[in-house]
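# Fold and geometry: a report
Residues per chain are reported as follows:
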Amino acid sequence: MRAWALLIASLIFYIPANVLPVMYTSLFGNGSESTIMSGVIAFWKSGSYGIALVIFIASVAIPCCKFLALGLLLTASQRRSRRAPHERAKLYRMVELIGYWSMLDVLVVAVVAALVQFQGLSVIEPRVGILFFGVVVILTMLSAMNFDPRLIWDGDKE
């Protein structure tokens, strides 16, 4: 099933998305690279709790929930489960709804990098980790799109 393949591929790409740096920042010549979690920790330590929370939710919590939800939907439909089809249908609609919001991190890095370039004293550049994260978002969206929601109800027809 293509949805399974896309989901497994997204799980594989999620590892480098979290391990590799997503952004390079340099202020007055002092540069450092940061991963998603190191960015969350840095914002939290600096007192920017809201930004840290938004990045954590968009980059860690939502992708993990999408992986679990898609895995559950695919497993249940493969087994022709009769359990809770209404709840699974709601779960599918939720996965579809939040799919596009998962690109928030990629957008934030792009906008911040573009804005900071105007100041001249500091530099922010995207790194390869953000590319992997973008691929994860696209693959999970494709996985959800390749899942046939009619399969949720197939267990009821026996």
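For the structure given in this document, a descriptive report is provided here. Since we're looking at a predicted model, the values are computed, not measured. (Residues numbered from 1 in each chain as written. Predicted model: local features only at pLDDT ≥ 70, side-chain atom pairs only at ≥ 80, totals over all residues. Heavy atoms only, no water.)

## Observations regarding a nonpolar patch on the surface
There is a patch of nonpolar side chains on the surface, built from Met37, Ile41, Leu53, Phe56 and Ile57 and spanning about 400 Å² of accessible area. Of all the elements in the fold, those that place two or more residues in the nonpolar patch are α2 (36-45) and α3 (49-78). Ranked by residue count, the leading element in the nonpolar patch is α3, at three residues. In this structure, Ile41 sits in helix α2. (Patch = residues over 30% accessible without salt bridge, like charges linked within 9 Å, V, L, I, M, F, W, Y side chains within 5 Å. Areas by Shrake-Rupley, 256 points an atom, 1.4 Å probe, with all protein chains shown as cover. Salt bridge = Lys/Arg side-chain N within 4 Å of Asp/Glu carboxyl O. Helix = DSSP H or I, 4+ residues; strand = E, 2+ residues; numbered from the N terminus.)

## Notes on the packing of helix α1 (residues 2-19) against α3
Here α1 crosses α3 at 155°, and the two axes come no closer than 11 Å. Judged by the inter-axis angle, α1 sits roughly antiparallel to α3. As for how α1 packs across α3, the hand of that crossing is left-handed. Of the residues in α3, those touching α1 at Ala3, Trp4, Leu7, Ser10, Leu11 and Tyr14 are Ser59, Val60, Pro63, Cys64, Phe67, Leu70, Gly71, Leu74, Thr75 and Gln78. For the contact of α1 with α3, the per-class residue count stands at 11 nonpolar, five polar and no charged. (Axes fitted to C-alpha atoms, helices over the stretch in contact; angles between N-to-C directions. Parallel < 35°, antiparallel > 145°, perpendicular 65-115°, else oblique. Left-handed = near helix turned anticlockwise from the far one by under 90°. Contact = heavy atoms within 4.5 Å. Nonpolar A, V, L, I, M, F, W, Y, C, P; charged D, E, K, R; others polar.)

## Here's the deal with the packing of α3 against helix α6 (residues 128-146)
The N-to-C vectors of α3 and α6 enclose an angle of 30°; their axes lie 11 Å apart at closest approach. By the angle between their axes, α3 is roughly parallel relative to α6. Judged by the sense of rotation from one axis to the other, the crossing of α3 with α6 is left-handed. Taking contact as the criterion, the partners of Ala58, Ser59, Pro63, Lys66, Phe67, Leu70 and Leu74 in α3 are, on α6, Phe133, Val136, Val137, Thr140, Met141, Ser143 and Ala144. Across the contact of α3 with α6, the residue classes break down as 10 nonpolar, three polar and one charged.

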